[in-house]
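Here is what each chain is made of, one letter per residue.
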Number of protein chains: 2
Amino acid sequence: MTAPCLTSALFTDLYQLTMMQGYFFNGLHTQEAVFDLYFRRLPFEGGYAVWAGLEPMLDTLEALRFSEDDLAYLGTLGQFRPEFLAALREWRFSGQIEAFAEGDVVFPHEPLLTVTAPLWEAQLIETMLLNTLNFQTLVATKAARCVLAARSSPHGGEVLEFGARRAQGPDGALSAARAAFVGGASATSHVEAGQRFGIPVSGTHAHAWVESFPDELAAFRAYAKLYPDSTVLLLDTIDTLRSGLPNAITVARELRAAGHELRGIRLDSGDLAYLSRTARAELDAAGFPDVKIIASNDLSEAVIAGIISEGGRIDVYGVGTQLATAGGPGGGALGGVYKLASLGGVPRMKLTGDPGKASLPGVKHVWRASEQNGKQAGEQLQWDVLTLGGAPQAAQRVSDPVNPLRSAPIPAGLNWQPARQTVMQGGHRTAPARTLTDIQAFSARQLARVATETRRLLNPHIYRVSLAPDAAGLRQRVMEDLQAQHTK
Amino acid sequence: MTAPCLTSALFTDLYQLTMMQGYFFNGLHTQEAVFDLYFRRLPFEGGYAVWAGLEPMLDTLEALRFSEDDLAYLGTLGQFRPEFLAALREWRFSGQIEAFAEGDVVFPHEPLLTVTAPLWEAQLIETMLLNTLNFQTLVATKAARCVLAARSSPHGGEVLEFGARRAQGPDGALSAARAAFVGGASATSHVEAGQRFGIPVSGTHAHAWVESFPDELAAFRAYAKLYPDSTVLLLDTIDTLRSGLPNAITVARELRAAGHELRGIRLDSGDLAYLSRTARAELDAAGFPDVKIIASNDLSEAVIAGIISEGGRIDVYGVGTQLATAGGPGGGALGGVYKLASLGGVPRMKLTGDPGKASLPGVKHVWRASEQNGKQAGEQLQWDVLTLGGAPQAAQRVSDPVNPLRSAPIPAGLNWQPARQTVMQGGHRTAPARTLTDIQAFSARQLARVATETRRLLNPHIYRVSLAPDAAGLRQRVMEDLQAQHTK
């Protein structure tokens, strides 16, 4: 199961290839490089991100080769020499990858994935890693936010992804359906996504169905006749409360008389809080308390939370555009980056003109502490710390990854565990791909370990990610060496 | 050249298939249906959109089939009967499509594409049409806005697309590179996009290149040695003005001594207006007025316009995230829809609870008027009018598509032409696919025919799209008939 649409070694930026050729002719290409993938800012102004896209990425890396067509195309560009193209024919990814397990909760400035590989291997894959992991992490995070909002209702609620028509291109739809499932969506409307990833598929009918019959009641009856146990009726083709709802109740009665039950109704325009309360009351009064109310129409986590706060009675939220494109404040793109941390055993760093964009040199380990929290049930995630080796020690003073002036001591009694595992070794997976259902369940468990204050939709509590003294000290030394270069 | 990643007939929403089965068993599936594809609001709060994605879509439609794997998967869902699945095995798209030529400028409420086909054919393809055309139109429009901003400099300027790492999934990157080229981008960094679409590819080097050498000057020299005629040096790994620029000038001198010229420098952080003015002055003073300045770092049309207004001297704008994801106000997704207009020769309409979401019934023609405009050079686009037949007549009172109270008479002397052509007949293209270079050139010509007031980035003049009396009258009659249904 490689990432859909991502099977070509040319899925990369041109400069990766021009640099690879440069490393090759300068004898640098086989030096061992260490690159970290991380982001600097959480999406959606939220408190966490859900890490997604790793499993298909590993499959892609295992299979990645330059085809003869690829080499011929590169030959036409006039920049690549025959010896280099011949070497690309044998190119394989042979490196090691440490990463958070797919579905885990992750935070800014910590290496989510670290590649250790010959320089020219690590360089080529930058573009595809960032493309896949940025997007799927973004959508999984959006889905988790929508699911959290939906479940905040005293009556419960679930999320269905159906953004294919507004998604950013064909794979925007396919990858989004996968990532939304990782983040907790129950199903997708996208049939090919169901086929490729084994996600449950779900759907109702469109306005065109109603318009294809002499009247709405005839259209509802025809649909119910064909799907007596799975019918969900769309109510707003003419008028939701004056036409759609009474016709749906008529069909619900006819289905029951024939030994079936109407599955649900769908609201797709108008005031969803008001319409859902009214429809719930009328359905209950008519003896149909189990008919589900599905709603759609430009939903987002904020709109879902608003509907619930006004007493809306929606059971299933169909989230389209906002989920498939991960829209809204702080959405649209995750700014993940991939930076050289070490080459040939020597720590490397870029400074740039923006202090917040300086990278962290050296080979780092990510440690995560959990602790029983008196206020909440279960063991809670407390703190992530980057070190150059072993676990952080109590009383060590650790600092903020961007501002060294912000520091705090490590308290005693925390339970430190490595946050990442080796997922690839010698270019091969260390374990078979996990199923999407396992990943979804793991993600839900990890999210439940995050403090409710950090899971809040707006103005969340900031989860702590810190640098241990060894990592902070190394950064200081490398920075001073670099600055000395241009003041010599 | 089918759309990348869009080759499966299961690239659709489940409800399209459940409806298709319903049409099939109700004997409606072969009725002639007419569906219009249109959007209601322009993206980016702008004055126009650039229509893109049509050519690959036509290729996909010509080739679309259900595979045996597809049918087997549908069989597992428990909702589809063997007779229907057997019929899908023979399913082909056999319809007719009228559409604006790819690259044309288009506006809200006009049918950009009209499908006339047996109902079950027209229904299946809704999801893939909207997915492809919404996204590519969105990105082409964003690119056109960025190019317009870049060209507003007295020194000129061009746009390079390089958003692959932040794009929405693999195809988000590939489709975006194609659509950005339609909208006027000069090149892409994405090698596979270059290979698939024949777009020029372009690139520089990354910070990792500089970090892979003992110092920045050594890294610059190694790159220039390998690419003596195409080197663009990235200046901000250590410090743009104190390290990168003097080292680049050193290398430019060494290249010239060897009979070559440095191609350019790239700025990727800091204040781009200030840095580009300073770099331009220092390069000029050192005798390198032809070294190009390329800039990147979260650029958008607004940032480009701001840099130019402050006297920035950038020749090439590398636009990544904002272009590939079509971000910014009013961006992220184009809300194109696909609505039944006629079935079996009878006009159809949906009302819904939102007046702005009602559809336009009947088979419509789109007419576009151009006129010599005294204020500006060339013939300008003036007005688009939807009729049920021939061209609008002078003195006819035409009305706004949403609010019938807003109306105006057609002046005499306008030159009316059909805005769309038949691009597919009997399921086959009526003409071979146009090249992307032709589409880009056509788009630039059409955009030049739009009034500068309408092309403005902010608060543009609204281009007129109107309903002729026949189309408006039909809508009124169908609406009254529908409303009578639930007041009976």
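Thresholds applied
- Residues numbered from 1 in each chain as written.
- Chains lettered and ligands numbered in written order.
- Predicted model: local features only at pLDDT ≥ 70, side-chain atom pairs only at ≥ 80, totals over all residues.
- Heavy atoms only, no water.
- Contact = heavy atoms within 4.5 Å.
- Buried area = accessible area lost by both parts, 1.4 Å probe.
- Salt bridge = Lys/Arg side-chain N within 4 Å of Asp/Glu carboxyl O.
- Polar contact = N/O pair within 3.5 Å; in protein donor to acceptor, adjacent residues only side chain to side chain.
- Helix = DSSP H or I, 4+ residues; strand = E, 2+ residues; numbered from the N terminus.
- Nonpolar A, V, L, I, M, F, W, Y, C, P; charged D, E, K, R; others polar.
- Expected span 1.5 Å × (residues − 1).
- Buried < 20%, exposed > 50% of the residue type's maximum accessible area, 1.4 Å probe, protein only.
- Least-squares fit on C-alpha atoms with pLDDT ≥ 70 in both.
- Pairing = 2+ DSSP bridges.

Caption draft 1: Quick peek at the interface of chain A and chain B. Contact residues are listed per partner, giving 111 residues for chain A and 112 residues for chain B. Between chain A and chain B, the buried area comes to about 8500 Å², and carbon and sulfur atoms account for 55% of it. Summed over the three residues of chain A that lose the most area to chain B, namely A:Arg165, A:Gln168 and A:Glu211, the buried surface amounts to 10% of that side. Across the chain A-chain B interface, the total number found is 4 salt bridges. The salt bridge involving B:Asp13 is made with A:Arg165; its shortest N-O contact spans 3.1 Å. Inspection of the chain A/chain B interface yields 44 residue pairs in polar contact (both at pLDDT 80 or more). Ranked by residue count, the leading element in the side of chain A that touches chain B is helix α1 (residues 14-25) of chain A, at 10 residues. Here the side of chain A that touches chain B is built from residues that sort into 47 nonpolar, 42 polar and 22 charged.

Caption draft 2: Representation of helix α11 (residues 240-257) of chain B within the structure. Residues and elements named next belong to chain B. The end-to-end C-alpha distance of α11, which contains 18 residues, comes to 24 Å, matching closely the 26 Å that a straight helix rising 1.5 Å per residue would cover. For α11, every residue scored as buried is listed here: Thr240, Ser243, Gly244, Leu245, Asn247, Ala248, Ile249, Val251, Ala252 and Leu255. Contacts from the buried residues of α11 go to α10 (216-226), β8 (232-234), β9 (264-267) and α12 (272-285). After α11 finishes, the residue Gly259 shows a positive phi value of roughly 90°.

Caption draft 3: View of the relation of the copies chain A and chain B. Once chain A is rotated about the relating axis by 180° and shifted along it by 0.0 Å, it coincides with chain B to within an RMSD of 0.0 Å. Taken together, these values place the two copies in the relation of a two-fold axis. Taken as a fraction of all interface residues of chain A, those also at the interface in chain B reach 100%, which identifies the copy contact as same-surface.

Caption draft 4: Summary view of the sheet that holds strand β5 (residues 113-118) of chain A. Strand order in this open sheet of 7 strands is β13-β12-β1-β5-β3-β19-β20 (chain A), and the pairing throughout is antiparallel. Bordering the open sheet on either side are β13 (346-347) and β20 (428-429) of chain A, each of which pairs with just one other strand.

Caption draft 5: Main features of the environment of A:Gly194. The topology assignment puts A:Gly194 in helix α8 (residues 191-197). Overall, A:Gly194 belongs to the buried group, its relative accessible area being 2%. Put simply, A:Gly194 and A:Glu83 are 111 residues apart on the chain and 44 Å apart in space, counted from C-alpha to C-alpha. Contact partners of A:Gly194, with chain neighbours within four places excluded, come to A:Thr188, A:Ile199, A:Val201 and B:Tyr73.

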